[in-house]
Amino acid sequence: MSESEEDARPDEFEELRDSISALRRELEGRFGVGSTEVEEGDPELEDEEIEQEGLIARLRRKMVGRVRDFDVVELYEELRQHSSLPGQSDVSAVVDEFGLDERYLRRARRYIDFLYERWFRVKAFDTQNIPQAERLLFVSNRSGILPYDGLMIASTVERHVPGAQRPRFLVADWLMTLPFTQPAIARIGGVRASSDNAERLLEKGDSVIAFPEGQKGAVKPFRDRYRLQRFGRGGFVSLAVRQRAIIVPVAVVGAEEVHPILFQPRLPRRILGTPVPITPTFPLLGPLGLVPLPSQWRIRFGEPFYFDSVEPEAADDPLYVNRTRERVRGAVQTLLEEEVRRRPAVFS
């Protein structure tokens, strides 16, 4: 680089270089990494030797021997995983564009498995109806405020379909904007519900779990349990046609007893901007009222809907979209009614 080009560097670049230099000096002081101990250009060590070097030696090589391709994220990962701060090793600096954190999900599996096997005692039926393909759009009834239903459906698919990827589940917009719930839900696979997000996921070949009832299904009173609300305008049908996705109807029975909604006062909703349902345990028991009741779940998968032979123009045909929407809704309602009759008891 010529002197004229050197002088023409923007101030931002100079500030970035100074920041990296300052970070390097601080790490050298804290971890005893001396620039004189390692010369730039040393040959790369074998994997076995790198494992034996320990944290300090690896930091030395990252900070000194490879300054020109300095990787701040990689270095941060190294420090954080060896940090004694509680919970730091559970959270990865590498997440996908929607916030999924594979390391966090692996650590959370013990709790998810406990909910699946011990608390809700989930029983899955007709899993053979799940195609072994990409771009599956699972369409289910909505059950309650918190997304236990999406989490359990995703776990069922992962457990019962060999080689299947774990589906991403769509979460109500208002819930994903709360400051404390959003990070945790995103890290375990939740995605803010929108047609754009669902389309981006399907374009990548991912599978998606959608709840077309929306908020009306989540906050419906206990007396209306397992009676499907309107399936919106059928946007999920247009999405499936455009992406050549396969729609798989899903019925979840048991989830609507987790937090039985007695009624929903209007005033708190107007003040907070979010639904505040009243249940037998909340707000009477305070935070304990948020603990889900241990109802026994039944998840059943219906016959899939294919769109391979459907013309792309059908995605914008209101008549076709509405008819298909009602067909899918009818399939889910039938599955719900059959499973409600089959289950021996709510909490058995």
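Cut-offs and rules
- Residues numbered from 1 in each chain as written.
- Predicted model: local features only at pLDDT ≥ 70, side-chain atom pairs only at ≥ 80, totals over all residues.
- Heavy atoms only, no water.
- Helix = DSSP H or I, 4+ residues; strand = E, 2+ residues; numbered from the N terminus.
- Buried < 20%, exposed > 50% of the residue type's maximum accessible area, 1.4 Å probe, protein only.
- Contact = heavy atoms within 4.5 Å.
- Areas by Shrake-Rupley, 256 points an atom, 1.4 Å probe, with all protein chains shown as cover.
- Pairing = 2+ DSSP bridges.
- Axes fitted to C-alpha atoms, helices over the stretch in contact; angles between N-to-C directions.
- Phe/Tyr/Trp six-rings, centres within 6.5 Å; stacked < 30°, edge-to-face > 60°.
- Lys NZ or Arg CZ within 6 Å of the ring centre and 35° of its normal.
- Parallel < 35°, antiparallel > 145°, perpendicular 65-115°, else oblique.
- Nonpolar A, V, L, I, M, F, W, Y, C, P; charged D, E, K, R; others polar.
- Core = buried A, V, L, I, M, F, W, Y, C linked by side-chain atoms within 4.5 Å.
- pLDDT = per-residue confidence, 0-100.
- Patch = residues over 30% accessible without salt bridge, like charges linked within 9 Å, V, L, I, M, F, W, Y side chains within 5 Å.
- Salt bridge = Lys/Arg side-chain N within 4 Å of Asp/Glu carboxyl O.
- Lys, Arg positive; Asp, Glu negative; His and termini not counted.
- Polar contact = N/O pair within 3.5 Å; in protein donor to acceptor, adjacent residues only side chain to side chain.

So, about the overall build of the chain. Along its length, the chain carries 13 helices and seven strands. Out of the 348 residues in the chain, the part that is buried amounts to 44%. For the chain, long-range pairs separated by at least 24 residues make up 71% of all intrachain contacts whose partners lie at least 6 apart in sequence. Of the accessible surface of the chain, which amounts to about 19200 Å², a share of 52% is contributed by carbon and sulfur atoms.

This part takes up the sheet that holds strand 4 (residues 190-192). Spatial ordering of the open sheet is given by 1-7-6-2-5-3-4, a layout of seven strands whose pairing is mixed. With partners counted over all chains shown, the strands left at the sheet margins are strand 1 (123-125) and strand 4, one partner each. Recorded for the sheet is a direction-independent mean angle of 30° between the axes of neighbouring strands. Taken together, the three bridges between strand 3 (residues 168-171) and strand 4 define a ladder with parallel strand orientation. Each bridged residue has a counterpart across the sheet, and for V171 the counterpart in strand 4 is R192. Contacts from helix 13 (residues 318-342) reach strand 1, strand 2 (136-140), strand 6 (246-253) and strand 7 (298-301), with the element oriented near 30° to strand 6.

This next bit is on the packing of aromatic side chains. Under the defined criterion, the tally for this structure stands at five aromatic pairs. Taken together, a centroid distance of 5.7 Å and an interplanar angle of 70° make the contact between F120 and Y148 edge-to-face. A residue pair is termed long-range when its members are at least 10 positions apart, and F120 in the loop between helix 5 (102-119) and strand 1 and Y148 in helix 6 (residues 148-160) qualify at 28 residues. In this structure Y148 comes out as buried when scored by relative accessible area, which is 16%. Pairing F138 with F301 gives two aromatic rings, centres 6.1 Å apart and planes at 75°, and the pair type is edge-to-face. Pair noted here: F138 is in strand 2 and F301 is in strand 7, with a separation of 163 residues, a long-range link. Take F301: its relative accessible area is 0%, and that puts it in the buried class. Aromatic rings pair up to connect F120, Y148 and W297 into one cluster. When the ring centre of F211 is taken as reference, the NZ or CZ atom of R142 above it lies at 5.2 Å. Directly above the ring of Y104 sits R187, whose terminal nitrogen or CZ lies 5.4 Å from the centroid.

Further remarks concern the packing of helix 11 (residues 235-243) against helix 13. Across the interface, helix 11 lies against helix 13 with an axial gap of 8 Å and an inter-helix angle of 105°. In this view, helix 11 runs roughly perpendicular relative to helix 13, as classed from their interaxial angle. Contact with helix 11, carried on its side by F236, V237, S238 and V241, involves Y320, V321, T324, R325 and V328 of helix 13 and no other residues of that element. Considering only residue class, the contact of helix 11 with helix 13 consists of six nonpolar, two polar and one charged.

Take the nonpolar core next. Counting residues in hydrophobic clusters, the biggest one holds 41 residues, and the most contacted among them are F120, F138, M152, I153, W297, I299 and F301. Of all the secondary-structure elements, those providing two or more residues to this core are helix 5, strand 2, helix 6, strand 3, helix 7 (173-176), helix 8 (181-187), strand 6 and strand 7. Among the elements that line this core, the one with the most residues is helix 6, at six residues. The next biggest cluster of nonpolar side chains, apart from the first, holds 32 residues, and it includes L202, F231, V321 and V332.

Attention now moves to the pairing of strand 7. Where burial is concerned, the two faces of strand 7 agree: the one with R298 and R300 and the one with I299 and F301 are both buried. Summarising the sheet, strand 6 and strand 7 pair through four bridges and their orientation is antiparallel. Paired with V253 across the strands is R298, a residue of strand 7.

Per-residue confidence for the chain averages 82 on the pLDDT scale, and 75% of its residues sit at or above 70. Every residue in residues 33-52 is under pLDDT 50, and counting partners more than four places away or in other chains gives 26 contacts. Note that pLDDT drops below 50 for residues 83-88; the model gives that stretch two contacts with residues more than four away or on any other chain.

Moving on to a nonpolar patch on the surface. On the surface, a cluster of nonpolar side chains totalling about 430 Å² of accessible area is made up of L284, L285, L288 and V291. By the element assignment, L288 lies in the loop between helix 12 (266-272) and strand 7.

This part takes up the side chain of D101. Considering the arrangement of structural elements, one finds D101 in the loop between helix 4 (72-81) and helix 5. As a buried residue without a salt bridge, D101 has its nearest oppositely charged side chain in R187, at a separation of 4.6 Å. A polar contact of 3.2 Å, which involves the side chain of D101, links it to the backbone nitrogen of Y104.

Scanning the entire structure with this criterion turns up 22 salt bridges. R159 is paired through a salt bridge with D113; the nearest N and O atoms lie 3.1 Å apart. Here R159, found in helix 6, pairs with D113, found in helix 5; they are 46 residues apart in sequence, far enough to count as distant. Residues participating in the shared-partner salt-bridge network are D126, R298, R300, E338, E339 and R342.

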